[in-house]
Amino acid sequence: MFKFLKEKLKNAISSITKKVENIPIEEKVQEVIIEKTPEKKEKVVKEKQKKKAEVKEIPEKEIKEKKGFFEKIREKVQTTSINENDFEEIFYDLEVALLENNTAVEVIEKIKRDLKEVLVDKPIERKKIKTIIQDSLRNTIEDLFKVQGVDIIKLTKTKKPLTILFVGVNGSGKTSTIAKVANFLKKNNLTSVLIAADTFRAGSIQQLEEWGSRLNIKVIKHDYGSDPAAVAFDGKKYAEAHKIDVVLIDTAGRQHSNVNLIEEMKKIVRVVKPDLKIFVGESIVGNDAITQSEEFDNAIELDGIILTKSDIDEKGGASLSISYVTKKPIIFLTTGQELKDIEYFDKEKIIKNLGI
Amino acid sequence: MVLENLSSSLKDTLKKIARAMFVDEKLIDELNKEIQRALLKADVNVQLVFNLTKNIKERALKEKPPAGTTQREYLVRIVYEELVKFLGEDKEEIKITKKKPFKIMFVGLYGSGKTTSISKLAKYYSKRGYKVGSLGLDVHRPAAPDQLEQLSTQVKIPCFIDKKEKNPEKIYKKFEKEYSKFDILLIDTAGRDALSSELIKEIKSINKLIKPDENLLVINADIGQAAEKQAKTLHDAGAITGIIITKLDGTAKGGGALSACSATGAKIKFIGIGEKPEDIEEFNPKGFVSRLLGMGDLELLLEKTKDAISQEKAEDLSKKLMKGDFNFIDLYDQMEAMSKMGSLSKIMDLIPGIGGIKDKIPKDMLQVQESKLKKWKYILQSMTKKELEDPEILDSNRIKRIAKGSGTNESEVRELLKQYKQSKKMMKLMKGGSTDQKGMEKLMKKFKGKVKF
């Protein structure tokens, strides 16, 4: 993941740096002299925005210090400034790079806003432009991932049984993920029970049973077509009676636009009152990641996210998009077909991988 | 629907064009920007988008509109043509040959909906008179054979699976003698990702052994920019001849799936639009772009009507309607046919001129209308034959009974009755030859605010 984005970002940043460096310097000595007081400065800045590119004056503080004329000229040559029009043009490369990486348009807009804040109409030292862009990008991305993580192992100490509900659109990989989580819990010496509350999709119950027998974990099931909330309820009762640590509930995949299925999901939540509601999403989803996770979050208020099929995805844009919309932590990434292919989501690692 | 949000922003831009004084570079750039934004938001490959808008701009600036066409109209036409070209021009059906069996293989990523698509196509082809069978070669995912078995039973076709065998080639050989009994054999394979060399090797050898007549790539509507690479690798492993886009009933726009078309050179054959076996549609780029630009798609509407209602029945009904004597049985038939065609909002998309209106109707209203239709069906089901044939005999006692029987309430039964009487009146008026301007106006006045569509 992120391999592709890393390269693209690098290219985009260097091209932006070049563009900024190429902004011509126009000598307008008169302006500099007028701009000695802050009030007048503001007015001039407004006029200046109309022009395409120009050198800007020194920061306010320094103006107050009333620097010598030659001093100002020197700073002028070394610093530059970007106005709105320029910004649109230079951001374009970065925008395309992010788009190619599956980052949702909304997230790109946020990155743009943040970057604009530090770049537009500010004096910038020519040599530092690269660092400034990188810093801003890193801050934005850190900001996106800045949510309290969820530690399932720790939570099992406070609540028994810990009930976890897995929801998501069709084919996102809920059942396989549950098997992986069960395996992960087993390795941490925690017992669990699997609940086949997907009573709609053909073969879903058998699929979960197959995992159960491979893992040697009990599966609670009813027939196809029965009420998923009832199955989940039974499973929770079973776990309580047998002092099992964690209840893992598999639900049917549903499109967030299907009102009835969303109501069904809400009913499961009402009946079972899960401690954690986890959205299982694909890393390869594009712009729809935003709508999907948002609608699920609106319906049942998610507690965390698991991103599947990360081994397929070289881009990683979906993780940015989903974090941005739901402001919920990404708990795990699943990275392959085997039971062991699940790992904690590590934001430090990802930022490092991005090379910024 | 594919690129649905493209639709509303495009319509707005097209309106802007209609209002513009003249077509200049600025206007074209503005239009192109709008198209770019919409397409990128719909996950279409960045490079593809830029090519498309580049073509539009070049043509719009170079080509002279033919006589009698204004430059503005011509610009709209260019957009239409380029979008159609973008989506693969003419409809290309799968031609089922006499060869027995005609082998259709399904490949794709995990969870893209291969098995579900098989059950849909099984139903689609059985309905058209072919003898269809399915073969399960997904040996990796737990319970994959069970899923295919259950779905095959649902659509009533035989299914060849071996739950214990882990080698797909052996499974294929095991049943080899059986296949020639079928017109079409639908072959399910394991989900695989392009980056796993082992799985790619497997699909290559399956391809070599089976030599499918059609090799369909099943791809999710919500896939993002990863689509291109996946499609390309699978194409290299065995030429893809067609594409099925699934899960278009969600909010995803299917733009990523379009990248798969350009990567493989294959065309979209079908689109999956729901969870049930009948939720599949043939894909026709021209009709689709028309719908996109709010021009409707009559061809598909006719196709759907044909599927839902027989020719004789339709003629019979229209005769009855014109005579003004139609009863609840006819109404019920009509409603059945409607529900076979799909949801109200899906049908409305297909009618020229209505697509634009649909945007103005709140979504809830269509849903309310739809649930009302469902209730009416229950009400009609709770009536006796006599009541169905002669709705006039419904008195308050009967209404009470019907309401109880159908789980509705009396006012809902009365509403249905009222609607029936209104439509009957309308039919009579139309039959009375008052189809001239004045008569129509009178008619409209009379029903203003009463007819609830």
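Nothing here was measured: the structure is a model prediction, and the numbers come from that model.

**Q** What is the right way to read the overall build of chain A from this model?
**A** Along chain A, the regular secondary structure elements total 16 helices and 10 strands. The buried share of chain A, taken over its 356 residues, is 46%. Taking the contacts inside chain A whose residues are at least 6 apart along the sequence as the reference set, 79% of them involve residues at least 24 apart.

**Q** In this structure, what is going on with the overall build of chain B? I would like to understand it.
**A** The helix and strand inventory of chain B stands at 21 helices and eight strands. Split into buried and exposed, the 453 residues of chain B put 40% on the buried side. When contacts within chain B are restricted to residue pairs at least 6 apart in sequence, those whose partners lie at least 24 apart make up 75%.

**Q** Help me understand the confidence of the model for chain A, please; the structure alone is not making it clear to me.
**A** A low pLDDT means the predicted coordinates there should not be read in detail. Predicted confidence across chain A gives a mean pLDDT of 81, with 81% of residues reaching 70 or more. Low pLDDT, under 50, characterises residues 26-66 of chain A; the stretch is placed with 39 contacts to residues that sit more than four places away or in other chains.

**Q** Mind showing me how you'd approach the packing of helix α6 (residues 84-100) of chain A against helix α7 (residues 105-119) of chain A here?
**A** Two measures define how a pair of helices packs: the angle their axes make with one another and the distance between the axes. All names here are of chain A. Taken N-terminus to C-terminus, the directions of α6 and α7 make an angle of 145 degrees; their axes are 11 Å apart at the nearest point. Where α6 crosses over α7, the two elements pack in a sense that is right-handed. Along its contact with α6, which presents Phe87, Phe91, Glu95, Leu98 and Leu99, the element α7 presents Ile108, Ile111, Lys112, Leu115, Lys116 and Leu119. Split by residue class, the contact of α6 with α7 holds eight nonpolar, no polar and three charged.

**Q** Explain the sheet that holds strand β1 (residues 102-108) of chain B to me, please; I cannot follow it from the model alone.
**A** Strand pairing in a sheet relies on backbone hydrogen bonds, with the paired strands running either antiparallel or parallel. All names here are of chain B. With mixed pairing, the eight strands of this open sheet are ordered in space as β3-β2-β4-β1-β5-β6-β7-β8. Unpaired on one side and paired on the other, β3 (159-160) and β8 (280-282) mark the two borders of the sheet. Where strand β2 (residues 132-137) meets strand β4 (residues 184-189), six bridges bridge the pair, whose relative direction is parallel. Bridge assignment links Ser134 to a residue of β4, and that residue is Leu186. Helix α6 (residues 144-154) contacts β2, β3 and β4 of the sheet and is inclined by roughly 170 degrees relative to β2.

**Q** Looking at this structure, how should I read the sheet that holds strand β7 (residues 276-282) of chain A?
**A** Residue and element names in this part refer to chain A. One open sheet holds the eight strands; their spatial order is β5-β4-β6-β3-β7-β8-β9-β10, and the pairing between them is mixed. The sheet is open, and its two borders are formed by β5 (219-220) and β10 (342-344), each paired with just one other strand. Across three bridges, strand β8 (residues 304-308) lies against strand β9 (residues 330-334) in parallel orientation. The residue of β9 that forms the bridge with Leu307 is Leu333. Taken strand by strand, helix α13 (residues 259-272) contacts β3 (162-167), β4 (192-197), β6 (246-251) and β7, and its axis lies near 180 degrees from that of β3.

**Q** How do you make sense of unusual backbone geometry when you look at a structure like this?
**A** For residues besides glycine, phi is generally negative; the peptide bonds are generally trans as well. In the segment running from A:Lys160 into A:Pro161, the intervening peptide bond is cis, with an omega of -10 degrees. Looking at the element boundaries, A:Pro161 is found in the loop between α9 (152-158) and β3. For the bond running from B:Lys100 to B:Pro101, omega is -10 degrees, close enough to zero to count as cis. Within the secondary structure, B:Pro101 is located in the loop between α4 (71-86) and β1. Positioned with a positive phi, A:Lys309 is a non-glycine residue whose angle comes to about 55 degrees. The topology assignment puts A:Lys309 in the loop between β8 and α15 (317-326).

**Q** What's the story with the interface of chain A and chain B in this structure? I'm lost.
**A** Where interface size is given, it is often the accessible area lost as the parts come together that is meant. Taken together, the contact pairs 35 residues of chain A with 33 residues of chain B. Within the residue set of the side of chain A that touches chain B, elements represented by two or more residues are α6, α11 (204-215), α14 (288-300) and α15 of chain A. The element best represented in the side of chain A that touches chain B is α11(A), accounting for four residues. Looking at the side of chain A that touches chain B residue by residue, the classes come out as 11 nonpolar, 17 polar and seven charged.

**Q** Honestly, the domain arrangement of chain A in this entry has me stumped. Any pointers?
**A** Residues and elements named next belong to chain A. Taken as a whole, chain A is organised into domain 1 (3-144) and domain 2 (152-354). Each partner contributes to the interface: domain 1 provides 17 residues, whereas domain 2 provides 16 residues. Of all the elements in the fold, those that place two or more residues in the side of domain 1 that touches domain 2 are α1 (3-21), α7 and α8 (129-144). In terms of residue count, α1 provides more of the side of domain 1 that touches domain 2 than any other element does, five residues in total. Classifying every residue of the side of domain 1 that touches domain 2 gives eight nonpolar, three polar and six charged.

**Q** Just to check I follow, could you spell out the pairing of β6(A) for this structure?
**A** Consecutive side chains of a regular strand alternate in pointing toward one face of the sheet and then the other. All names here are of chain A. With six of six residues buried, β6 is to be regarded as a mostly interior element. The side-chain alternation of β6 yields two buried faces, one formed by Val246, Leu248 and Asp250 and the other by Val247, Ile249 and Thr251. Relative to β6, β3 runs parallel, the two sharing five bridges. By the bridge assignment for β6, Ile164 is matched with Leu248. Bridge analysis of β4 against β6 gives six bridges, and the strand direction is parallel.

**Q** Which parts of the structure should I look at to understand the environment of B:Gln230?
**A** Relative to the assigned elements, B:Gln230 resides in helix α9 (residues 227-237). For B:Gln230, the residues in contact, after removing those within four places along its chain, are B:Leu109, B:Asp193 and B:Ala194.

**Q** Any chance you could explain the environment of A:His222 here in plain terms?
**A** Residues and elements named next belong to chain A. The topology assignment puts His222 in the loop between β5 and α12 (228-241). Given 18 C-beta atoms within a 10 Å radius, His222 is considered partly exposed. Taking the C-alpha atoms as reference, His222 lies 16 Å from Val272; in sequence the two are 50 residues apart. Residues within four places of His222 in sequence aside, it is in contact with Thr199, Ala230 and Val231.

**Q** Help me understand the nonpolar core in this model?
**A** For soluble globular proteins, the rule of thumb is that nonpolar side chains tend to be buried together. Residues A:Ile195, A:Leu248, A:Ile249, A:Ile278, B:Leu217, B:Ile243 and B:Ala260 are the most contacted members of the largest nonpolar core, which totals 164 residues. Ignoring anything within four residues of it in the chain, the contact list for A:Ile195 reads A:Ile220, A:Val231, A:Ala232, A:Gly235, A:Val247, A:Leu248, A:Ile249 and A:Asp250. Counting 10 residues, the second-largest nonpolar core is a separate cluster that includes B:Ile379, B:Leu380, B:Met383 and B:Ile402.

**Q** Whenever I open this one, the pairing of strand β6 (residues 242-246) of chain B confuses me. Can you help?
**A** Residues and elements named next belong to chain B. With five of five residues buried, β6 lies mostly within the body of the structure. Both faces of β6 are covered, namely the face carrying Gly242, Ile244 and Thr246 and the face carrying Ile243 and Ile245. Bridge count for strand β5 (residues 214-220) against β6 is five bridges, and the pairing is parallel. Bridge pairing links Leu216 to Gly242 in β6. For the handedness criterion, the β-α-β arrangement of β5, α9 and β6 is classed as right-handed.

**Q** I keep staring at α11(A) and nothing clicks. Help me out?
**A** Quick reminder: α-helices carry 3.6 residues per turn. Residues three or four places apart thus point the same way. A rise of 1.5 Å per residue sets the reference length of α11(A), with its 12 residues, at 16 Å; its end C-alpha atoms lie 17 Å apart and thus fit the reference within 8%. The set of residues buried in α11(A) consists of A:Ser204, A:Ile205, A:Gln206, A:Gln207, A:Leu208, A:Glu210, A:Trp211 and A:Gly212. Those residues of α11(A) that are buried lie in contact with α10 (174-187), β4, β5 and β6 of chain A together with α6 of chain B. Downstream of α11(A) by one or two residues, A:Asn216 has phi in the positive range, about 60 degrees.

**Q** What's the story with the confidence of the model for chain B in this structure? I'm lost.
**A** Residues and elements named next belong to chain B. On average, residues of chain B score 80 in pLDDT, and 77% of them are at 70 or above. This stretch, residues 449-453, has a pLDDT under 50; its non-local contacts, to residues over four places away or in other chains, come to two contacts. Across the interfaces of the predicted complex, the ipTM metric reaches 0.72, alongside a pTM of 0.72.

**Q** Just checking my understanding: could you explain α8(A) for this structure?
**A** Residue and element names in this part refer to chain A. With 16 residues, α8 ought to run about 22 Å at 1.5 Å a step, and its terminal C-alpha atoms sit 23 Å apart, in line with that. Buried within α8 are the following residues: Ile129, Ile133, Leu137, Ile141 and Leu144. Across the axial projection of α8, the buried residues extend over an arc of 95 degrees, all falling on one side. Those residues of α8 that are exposed and aimed more than 90 degrees away from the buried face are Thr131 and Glu142.

Conventions and cut-offs
Residues numbered from 1 in each chain as written. Chains lettered and ligands numbered in written order. Predicted model: local features only at pLDDT ≥ 70, side-chain atom pairs only at ≥ 80, totals over all residues. Helix = DSSP H or I, 4+ residues; strand = E, 2+ residues; numbered from the N terminus. Buried ≥ 20, exposed ≤ 12 C-beta atoms within 10 Å, placed from the backbone. Contact = placed C-beta atoms within 7 Å. pLDDT = per-residue confidence, 0-100. Axes fitted to C-alpha atoms, helices over the stretch in contact; angles between N-to-C directions. Left-handed = near helix turned anticlockwise from the far one by under 90°. Nonpolar A, V, L, I, M, F, W, Y, C, P; charged D, E, K, R; others polar. Pairing = 2+ DSSP bridges. Domains from an automatic or database assignment. Core = buried A, V, L, I, M, F, W, Y, C linked by C-beta atoms within 7 Å. Right-handed = clockwise from strand over helix to strand, strands pointing away. Expected span 1.5 Å × (residues − 1). Arc of directions from axis to C-beta.

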